[in-house]
Amino acid sequence: MSMIALGGTIGTGLIMSSGTALVHGGPLGLCLGFLFVGLICFLTLAALGEMTAYLPHKKGFAGYATRFYLIAPASNINAAGIVMQYWTLSVPIEVWAVVIMNLLGIQFFGELEFWMSGLKVISLMGLTLLGIIIDLGGKSKHDRIGFRYWRQPNGPMGSYLVDQVHNEQFAVFLGFWSTLTTALFAYIGSELVAVTAGEAQNLRKTIPRAIKSTFIRIFVFYIGCVFAISLIVPSTSTQLLVANSSRAGAAASPFVVGVTLVGIKGLNHVINAMILLFTISAANSDLYIASRTLYGLAIERKAPKIFTKVNKRGVPWVSLLVVSLFTCLTFLNASTSSSTVFAYGVNLLSAFGAITWMTIAYSHICFMQALKAQGISRDDLPYKGPGQPLGSWFVLVSTGIILLFKGGLTHSVTLK
């Protein structure tokens with residue numbers, strides 16, 4: 001469980017969407033945005049950990065989470081198609097979608113995701129270390145970059161929608177707020193640890209260990225990764241803008257742009273292969289969570305009874321079949337550009353993910369009230385999350401505000 005919690009949900013939001021956040025928010029805005037949302041994510045997981053350790057079950061987290069994860073696999077499959085287009089445009093992206101869909105193996109999720117999570121953790125550590133080495137001048141030209149890209153005209157903050165709002169200060173604020181919505185997309189999916197908890201043993205030990213792993217993932221991998229990106233890629237780079245445009249075959253990640261800018265030949269293909277691994281693993285995790293959550297709803301009689309059917313391996317095959325059908329949303333890229341479809345996924349997933357976090361926070365607040373009404377002390381809980389119970393109120397309010405302003409930003413982009 002610790003390995004899945006550590007690397008299971010590292011995917012497209014961090015490796016691909018961070019480039020968009022860098023353009024909108026600048027290097028400082030990018031790091032601050034991921035740091036703030038990382039705190040929200042950790043408090044959400046702490047609240048979820050308290051409830052899961054006290055009342056473990058196989059239902060997952062019901063409600064809005066199902067809507068979120070039905071769309072998530074399609075988004076990650078589409079992202080994998082974008083990565084493949086970096087190498088060749090001769091194969092239509094919908095063909096790559098079919099190939100990738102058939103690679104997903106939920107039947108052996110535990111073992112498969114353990115190894116893929118390990119590879120992702122090693123890859124991300126390598127990418128972060130590579131960024132630091134490049135920044136310190138460890139390349140052929142021995143040009144030490146330092147914090148050069150944090151100064152004007154590249155930073156420290158970006159200006160977003162300045163032509164629409166006609167106010168530089170407000171554009172800087174919008175740029176920072178845009179990084180929050182992007183960071184939200186990067187962090188959602190961390191709830192995977194609670195879904196797998198129902199099938200784990202000795203929750204008194206595994207839950208605290210998994211939550212601590214989440215803390216490490218947030219403040220080492222996520223923050224370290226975006227910090228490295230902010231050092232080696234200028235937010236005003238033309239190549240970075242190309243990487244986030246609708247042109248097919250463009251680099252999918254700012255890390256690919258970073259190594260291209262310093263002229264390291266061949267490494268861009270290695271990094272692109274790493275990103276492909278990230279996207280397939282993320283899609284596999286999403287299929288697992290979606291099917292388990294739909295199964296949990298059926299157990300609670302909030303979904304048709306047919307979704308409770310499982311095979312001899314315990315896999316809810318009917319739920320898995322229905323969830324897999326939603327991956328066909330990937331074929332929207334047949335008539336619309338793949339990056340546009342990816343943007344659709346980012347907007348939908350971050351909105352549903354925010355609702356999921358708010359639902360978890362509200363459930364934990366009710367959980368605390370129930371404990372108080374029954375005279376049960378928090379000291380008697382198998383696991384006490386840091387920052388609780390005030391942390392859940394912080395998550396509920398902060399995520400609600402981000403979600404509210406996210407709609408305004410999306411509307412502004414549409415008008416643009």
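Above this text sits the structure in question.
What comes next is a walk through the structure. Just so we're clear, the structure is a prediction, and the values are computed from it rather than from any experiment. (Residues numbered from 1 in each chain as written. Predicted model: local features only at pLDDT ≥ 70, side-chain atom pairs only at ≥ 80, totals over all residues. Heavy atoms only, no water.)

Some remarks on the overall build of the protein chain
Our working rule: Put simply, DSSP marks the helices as runs of H or I at least four residues long and the strands as runs of E at least two long, and each gets a number from the N terminus on. Under the scheme applied here, a residue whose accessible area is under 20% of the maximum for its type counts as buried, over 50% as exposed, and between as partly exposed, the area being computed with a 1.4 Å probe on protein chains only. Contacts are assigned to residue pairs with any non-hydrogen atoms lying within 4.5 Å of each other. Under the convention used here, a 1.4 Å probe and the Shrake-Rupley method define accessible areas, while residue burial counts only the protein chains that appear.
When you go through the protein chain residue by residue, the secondary structure sums to 16 helices and zero strands. Taking all 416 residues of the protein chain together, the buried fraction comes to 56%. Of the contacts made within the protein chain by residues no fewer than 6 positions apart, 82% connect residues no fewer than 24 positions apart. For the protein chain, the accessible surface area stands at approximately 17,600 Å², while carbon and sulfur atoms represent 65% of it.

Re the packing of aromatic side chains
Operational definition: Any pair of Phe, Tyr and Trp rings, taking the six-membered ring for Trp, is counted once the centres come within 6.5 Å. Such a pair is stacked with planes under 30 degrees apart, edge-to-face with planes over 60 apart, and tilted for the rest.
Tallied over the entire structure, the rule returns eight aromatic pairs. Geometrically, the ring pair formed by Phe147 and Trp150 is edge-to-face, given 5.4 Å between the ring centres and 80 degrees between the ring planes. With a centroid separation of 5.5 Å and 35 degrees between ring planes, the pair formed by Phe173 and Trp177 is classed as tilted. Within this pair, Phe173 and its partner Trp177 are both found in helix H8 (residues 168-187), separated by four residues, close to a single helical turn. The exposure class of Phe173 is partly exposed, given its relative accessible area of 35%. A network of ring pairs unites the aromatic residues Phe34, Tyr187 and Tyr222 as a single cluster.

Looking at the packing of helix H12 (residues 254-261) against helix H13 (residues 267-299)
What counts is decided by this rule: Where helices are involved, their axes are fitted lines through C-alpha atoms of the stretch in contact, as for all axes, and angles between N-to-C directions lie from 0 to 180°. In what follows, roughly perpendicular refers to angles from 65 to 115 degrees, roughly parallel to angles under 35, roughly antiparallel to angles over 145, and oblique to any angle outside these ranges. Residues are sorted three ways: Asp, Glu, Lys and Arg are charged, Ala, Val, Leu, Ile, Met, Phe, Trp, Tyr, Cys and Pro are nonpolar, and all the rest, Gly among them, are polar.
Direction vectors running N to C along H12 and H13 enclose 170 degrees, while the axes themselves pass 9 Å from each other. By the angle class used here, H12 and H13 are roughly antiparallel. Residues Phe255, Val256, Val259 and Thr260 of H12 form the contact with H13, whose participating residues are Leu267, Asn268, Ile271, Asn272 and Ile275. Tallied by class, the residues present in the contact of H12 with H13 amount to six nonpolar, three polar and no charged.

Examining the nonpolar core
Across soluble globular proteins, nonpolar side chains have a tendency to be buried as a group. The cut-off we apply is this: The definition of a nonpolar core used throughout is a set of buried Ala, Val, Leu, Ile, Met, Phe, Trp, Tyr and Cys residues joined through side-chain atoms within 4.5 Å.
Formed by 61 residues in total, the largest nonpolar core has its most connected members in Leu14, Ile15, Phe34, Val37, Tyr187, Ile271 and Trp357. In terms of residues, this core owes the most to one element, helix H3 (residues 18-54), which gives 13 residues. Residues Leu287, Leu294, Leu297 and Val318 belong to the second largest nonpolar core, which totals nine residues.

Details of the pattern of salt bridges
For clarity, the cut-off: Salt bridges, as used here, are contacts in which a Lys or Arg side-chain nitrogen is within 4 Å of a carboxyl oxygen on Asp or Glu.
What the rule picks out here adds up to two salt bridges. A salt bridge links Arg378 to Glu50, with the nearest nitrogen and oxygen atoms 2.9 Å apart. Here Arg378, found in the loop between helix H15 (338-373) and helix H16 (390-415), pairs with Glu50, found in helix H3; they are 328 residues apart in sequence, far enough to count as distant. Given the relative accessible area of 18%, Arg378 is considered buried.

Concerning H8
What counts is decided by this rule: Expected span, for any helix, means 1.5 Å times one less than how many residues it has. Two N or O atoms form a polar contact when they lie within 3.5 Å of each other; inside protein one atom must be a possible hydrogen donor and the other a possible acceptor, and for residues adjacent in sequence the pair counts only when both atoms belong to side chains.
Helix length check: H8, at 20 residues, gives a terminal C-alpha distance of 29 Å against a target of 28 Å (1.5 Å per residue), a fit within 8%. Burial analysis of H8 places 14 of its 20 residues in the buried class, the great majority of the element. Backbone nitrogen of Gln169 and a side-chain oxygen of the N-cap are separated by 3.1 Å at the start of H8; the cap is Asn167. Immediately beyond the C-terminal end of H8, within one or two residues, lies Gly189, with a positive phi of roughly 110 degrees.

Thoughts on H3
The following threshold applies: Each residue is assigned a bend, namely the angle between axes fitted to the seven residues that terminate at it and the seven residues that start at it.
For H3, which comprises 37 residues, the first-to-last C-alpha distance of 36 Å sits more than 12% below the rise-based estimate of 54 Å (1.5 Å per residue). At Gly25, H3 is deflected by roughly 115 degrees, the largest bend along its length, and proline Pro27 occurs up to four residues later in sequence.

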